[in-house]
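Okay, here's what each chain looks like letter by letter:
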Amino acid sequence: MSIIAQYVMNGAMLGMMYALVAVGFTLFFGVLDVIQFAHGDVLAAGAFAALAVWLGLTRLGVASPALLLALVVVAATVATALLGAAVARFLVLPLKGAPQLNVLLVTLMMGTVLRESIRLFYPGGSQPQLFPALLPTSSVALGEFNLRIDNVILLAAGTVLIAGTSLLVTRTRLGLAIRAVAQDEETARTMGVDFRRIVLLTFALGSALAAFAGVMDGLYYNEIFFGMGLLLGVIGFAAAIIGGLGNLYGAILGGFFFAALQTIGAVALPFASAYKDVFAFGVVIALMALRPKGLIGERTSERV
Amino acid sequence: MSALLRCRDLSRAFGGLLALEGLDLDVEEGGVLGLIGPNGSGKTTFFNVLTGFFPATRGEVLFAGEPITGLSPQVVYRKGVARTFQRSRLCLPLSIFDNLLIGNHKHLDHRLWSNLVDRRALRRQIEQTFAEARELVRIFDPPLADRLLEPASRIPMIDRRRIEVCRALISRPRLLLLDEPSAGMTQEETMRLMDDILQVKSRLGGLTIILIEHEMTVIERVTERCVVLNYGRKIAEGAYAEIARTPSVREAYLGLE
Amino acid sequence: MRKGLLAAAAVLAVSLALREDDFALLLLTRVLIVILACLGLNVQFGYAGVVNFAGATFFGVGGYTAAVLARSTAVPHLFILLIGGAAAALAGTILVVPVLRTRGHYAALVTIAFALLFRTFFEVNDALGGPQGLKLPELRIGPVHFNDAIEIGSFFASFYLKYIVLSLLLAALGFAFVLRLERSFIGVALDCIRLDEIAAASFGVDVARWKIVAFTLGNFLIGLAGALSAFMVGFIAPDNYSFGESLIFVSILLLGGLGNPWGLSLASAVVLLLPEKLQVIAEYRFLLFAAVVILILLFRPAGLLPRPLRRLT
């Protein structure tokens, strides 16, 4: 029983991270019909920004865990929001009208630039870095299963963030503008929506969500490394596709669906724990082969 | 005389939207049929169903007496149906001649051996297609026939239209589908293009044409018979002069009364 | 044709002049091998428009196949090279369905997932040597032992000269193949598929079939290059086949000019030799080339040597 609870908890954590990353992909695709392949590496940059800020603050003598946590999260969010907006401003928007492939390539290369910059320029960046435990490490015994408080907090915070994003998109003026741009750029313009501003804000928003996923990853595994974004990016993108690119709820479902598959895989093939990433990527490939347009279906269809 | 193309109850739905509903349509061999109707009335959908891009949700298409419903675009082309597109779909970075070669795809040898190793037959086919291409393009515009090795991106819109029509004609199809050739051209240019197409038609003998067109002067001048679509249904059929007087057509199409 | 022979003669002349310089010849061989691999990628990406971000993976499949066969079987090494290519082509068939059914960004994702999958697989599979990799025996073709220096009378040359001759031969064959492919009806069909699949299908081009052909032929060349590279280096490890290396292949293609075999040859030389000449940048090469490719895409998307118009007549 406790083993199963452990797996469910583990799956839920993974699912939350994947969902947060997938929502970013889906938002970007929604407004600009592009794939931001550097998204995962923006996430990694956010996690490292968080770590750097933590190091700086502890050196300055800040000891309050709550204050540290708050500042670390803020730092990561701001860093990724700026990075995401910069990618949109300097790489994606200038290539508007160029073949989609060029946007894909340019963001893929940008991802490499970020990844390599962390590896080369962050002190000790080529090795995994210890991430501080900023949350209470106590746990509550539920029968044989120890429910860790930090995991509960992370899940709750993730849920709040996703719910907040969904409310933002569906209930606010900004959300209305984002949806207008996603529908049709021309209409949005005639409605008086500042297209560029909305695109930049959407990229900032999606990237900020990834920052949280990055911090969550660090807190959960207690370490981060420069290549973490590549893995989370690929899986997050796959999750977004499974949910139908451009579909917010689909992305969330896709994230949890993928985590569930991975967890089930780990249960079903315990002997092959070394192959868990092989399994995960195998699932990505198989899903693309079986349902290339996702389980829910992409928003746009091709015109003949 | 039997119809070259015969559609019965042809229908196509997108989700709940019926883009084409129960269309019955016959085209005689050698005829020129005009297909008119407001935007979104199902004209291009009809072409896409006919050429196999969208499967029909119901109904049947017979081409030269043979059912072609549900066949792939590739097979429909091989059977002798060629088309142009509303929005130009030339491969602009390629040369004009390359584009015409694509049009002639079914007559060319694509085996690996003859393309990569023993290339004598390949060279012969290149020369032959080049000669044919020149001759065909010359009907439309003699100076253009001397520019076949230039990139398609370098020629003006009218010439691109011409090359698109030539790309469809070079394989000597039995049925030519023209999707709004006037888009992006002046009325005069369109008229000239249509006259040139009719000239090719008379040379080839037996070419059958379906023309989607908004320019009524063009329809009036080149078509023998018209079918009017509205909301995916046929609302009228007959010679242009007749249907132009039909009240339902005037209402649906011209927005009168 | 004449340009090609001249280029090959020039490479030979340079190698002869540098015949005692092991390191220079090693570098030259590596350039030739990378050219061969990028020619394969060019067929996929530059002509058919099938993206492949797992170039290094297929290179690795060729290398691992060669290592396993050379270590544990008596198959003649020349055949092993060809089998290396065939194995990569075969591995590619795993991806054929998802790559065909998807396009653009989806196909990119599939190949990236494949690259990461195989990288991990090489690393955790003990039969393939795990992270340490595998050693290969000396390459022998007929009576020629590739790891012995050449001494004929007073003529002395590094053993790498043999590798140069072999890789030059294979690269030249690959070159001739790609040039002929481009100047053929198949080349026209591939271009049309890349530029406009709908137009291609309207004129009878069997889009799926030609994508498979291009993908498979391309992977064969990449795998062949990988097998040759494994023999020359004498050992293989997962680190040599990382996603970063795959991106380097793609960078070479984009730098040179998609679809231009001459461009990718020049770019291969620059990308491989520059970090060796300027040791300072060796560590930064992934970063550097990624940044250069970003600039290329923003300001000169056709590459340094844009592909010229096809000339069939």
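Just so it is clear, the model here is predicted, and its values are computed rather than measured.

Asks: What's the story with helix 10 (residues 248–268) of chain A in this structure? I'm lost.
Replies: Residues lying three or four places apart along an α-helix face the same way, a consequence of the helix completing one turn every 3.6 residues. Residues and elements named next belong to chain A. With 21 residues, helix 10 extends 30 Å from end C-alpha to end C-alpha; this agrees with the ideal 30 Å at 1.5 Å per step. Among all positions in helix 10, only Leu-248, Gly-250, Ala-251, Ile-252, Gly-254, Gly-255, Phe-258, Ala-259, Gln-262, Thr-263 and Gly-265 are buried. Contacts made by the buried residues of helix 10 are with helix 1 (2–32), helix 5 (149–171), helix 9 (228–242) and helix 11 (276–290). Regarding helix 10, its N-cap is Asn-247, as a side-chain oxygen of that residue lies 3.1 Å from the backbone nitrogen of Tyr-249 further along.

Asks: In this structure, what is going on with the interface of chain B and chain C? I would like to understand it.
Replies: By a widespread convention, an interface's size corresponds to the accessible area lost as its parts come together. Every contact between the two is made by 36 residues of chain B and, on the other side, 28 residues of chain C. Between chain B and chain C the total buried area reaches about 2900 Å² when both faces are included, carbon and sulfur atoms providing 72% of it. Here chain B and chain C share two salt bridges between them. In this structure, Asp98(B) and Arg310(C) form a salt bridge, with 2.9 Å as the shortest nitrogen-oxygen distance. Our enumeration of links across chain B and chain C arrives at 10 residue pairs in polar contact (both at pLDDT 80 or more). Secondary-structure elements contributing two or more residues to the side of chain B that touches chain C are helix 2 (73–78), helix 3 (96–103), helix 4 (112–116), helix 5 (120–140) and helix 7 (157–169) of chain B. Considering each element in turn, the side of chain B that touches chain C owes the most residues, five residues, to helix 3 of chain B.

Asks: Please explain empty space enclosed by the protein as it appears in this structure.
Replies: Think of a ball as big as a water molecule: rolled over the atoms, this probe shows where empty space is left. The full count for this structure, using the stated rule, is six cavities of 30 Å³ or more. There is about 90 Å³ of room inside the largest cavity. Phe25(A), Phe37(A), Gly40(A), Asp41(A), Leu108(A), Gly111(A), Arg115(A), Gly229(A), Leu230(A), Gly233(A), Val234(A) and Ile112(C) are the residues that line the largest cavity. Elements represented by at least two residues in the lining of the largest cavity include exactly helix 2 (39–60), helix 4 (100–121) and helix 9 of chain A.

Asks: Just checking my understanding: could you explain the domain arrangement of chain B for this structure?
Replies: Residues and elements named next belong to chain B. According to the domain assignment, chain B contains domain 1 (3–80 + 173–254) and domain 2 (90–157). Taking only C-alpha atoms, the centre of domain 1 and the centre of domain 2 are 28 Å apart. At the interface, 11 residues of domain 1 touch 11 residues of domain 2. Summed over both sides, the interface between domain 1 and domain 2 buries roughly 920 Å², with carbon and sulfur atoms accounting for 55% of that surface. The three residues of domain 1 that bury the most area against domain 2 are Tyr-77, Arg-78 and Val-200, which together make up 48% of that side's buried surface. Applying the counting rule to domain 1 against domain 2 returns one salt bridge. At the boundary of domain 1 with domain 2, the tally comes to five residue pairs in polar contact (both at pLDDT 80 or more). If you tally residues by element for the side of domain 1 that touches domain 2, the top one is helix 8 (residues 187–204), at seven residues.

Asks: So what exactly am I meant to see when it comes to unusual backbone geometry here?
Replies: Working note: non-glycine residues mostly have negative phi, and peptide bonds are mostly trans. Despite not being glycine, Asp33(A) has its phi angle at roughly 55°, a positive value. The residue Asp33(A) is located in the loop between helix 1 and helix 2 in this model. Asp33(A) gets classed as partly exposed once you look at its relative accessible area, which sits at 31%. Phi at Asp9(B) is positive, roughly 55°, even though this residue is not glycine.

Asks: How should I be thinking about the packing of helix 3 (residues 65–92) of chain A against helix 8 (residues 195–221) of chain A in this particular structure?
Replies: For any two helices packed against each other, one specifies the crossing angle of their axes together with the interaxial distance. Residue and element names in this part refer to chain A. Where helix 3 meets helix 8, the axes come as close as 7 Å, and the angle between the chain directions of the two elements is 140°. With respect to each other, helix 3 and helix 8 are oriented oblique. Where helix 3 crosses over helix 8, the handedness of that crossing is right-handed. Of helix 8, the residues touching helix 3 (which contributes Leu-69, Val-73, Ala-76, Thr-77, Thr-80, Ala-81, Gly-84, Ala-85, Ala-88, Arg-89 and Val-92) are Arg-196, Val-199, Leu-200, Phe-203, Ala-204, Ser-207, Ala-208, Ala-211, Val-215 and Leu-219. Residues that form the contact of helix 3 with helix 8 fall into these classes: 15 nonpolar, four polar and two charged.

Asks: Any chance you could explain the side chain of Asn260(C) here in plain terms?
Replies: Residues and elements named next belong to chain C. Its place among the elements puts Asn-260 in the loop between helix 10 (243–256) and helix 11 (261–277). The class for Asn-260 is buried, based on a relative accessible area of 7%. Sequence-distant contacts of Asn-260, defined by excluding residues within four places in its chain, comprise Asn-42, Leu-305, Pro-306, Arg-307 and Pro-308.

Asks: Would you take a moment to explain the packing of aromatic side chains for this structure?
Replies: Here the distance between the centres and the angle between the planes together describe a pair of aromatic rings. The full count for this structure, using the stated rule, is 28 aromatic pairs over all chains. Consider the rings of Phe225(A) and Phe226(A), whose centres lie 5.9 Å apart with planes at 75°: the pair is edge-to-face. Given the relative accessible area of 37%, Phe225(A) is considered partly exposed. The buried category is assigned to Phe226(A), whose relative accessible area is 18%. An aromatic cluster is present here, built from Phe58(C), Phe59(C), Tyr64(C), Phe114(C), Phe118(C), Phe121(C), Phe122(C), Phe215(C), Tyr241(C) and Phe249(C) joined pairwise through their rings.

Asks: I keep staring at the environment of Leu195(C) and nothing clicks. Help me out?
Replies: You can see Leu195(C) is positioned in helix 7 (residues 185–195). For the pair formed by Leu195(C) and Leu273(C), sequence separation is 78 residues and the distance between their alpha carbons is 33 Å. Those residues in contact with Leu195(C) that sit more than four places away from it in its chain are Cys91(B), Pro93(B) and Leu94(B).

Asks: Sorry, what's going on with the pairing of strand 10 (residues 233–238) of chain B here?
Replies: Consecutive side chains along a regular strand alternate between the two faces of the sheet. In this structure, strand 9 (residues 225–230) of chain B lies alongside strand 10 of chain B, joined through five bridges in antiparallel fashion. Among the inter-strand pairings, Asn230(B) is bridged to a residue of strand 10 of chain B, identified as Arg233(B).

The rules we used
- Residues numbered from 1 in each chain as written.
- Chains lettered and ligands numbered in written order.
- Predicted model: local features only at pLDDT ≥ 70, side-chain atom pairs only at ≥ 80, totals over all residues.
- Heavy atoms only, no water.
- Helix = DSSP H or I, 4+ residues; strand = E, 2+ residues; numbered from the N terminus.
- Expected span 1.5 Å × (residues − 1).
- Buried < 20%, exposed > 50% of the residue type's maximum accessible area, 1.4 Å probe, protein only.
- Contact = heavy atoms within 4.5 Å.
- Polar contact = N/O pair within 3.5 Å; in protein donor to acceptor, adjacent residues only side chain to side chain.
- Buried area = accessible area lost by both parts, 1.4 Å probe.
- Salt bridge = Lys/Arg side-chain N within 4 Å of Asp/Glu carboxyl O.
- 1 Å grid on protein atoms, 1.4 Å probe; cavity = no way out; pocket = protein on both sides within 12 Å on 5 of 7 lines; lining within 4 Å.
- Points joined across faces, edges and corners; volume = space filled by probe spheres on them.
- Domains from an automatic or database assignment.
- Axes fitted to C-alpha atoms, helices over the stretch in contact; angles between N-to-C directions.
- Parallel < 35°, antiparallel > 145°, perpendicular 65-115°, else oblique.
- Left-handed = near helix turned anticlockwise from the far one by under 90°.
- Nonpolar A, V, L, I, M, F, W, Y, C, P; charged D, E, K, R; others polar.
- Phe/Tyr/Trp six-rings, centres within 6.5 Å; stacked < 30°, edge-to-face > 60°.
- Pairing = 2+ DSSP bridges.

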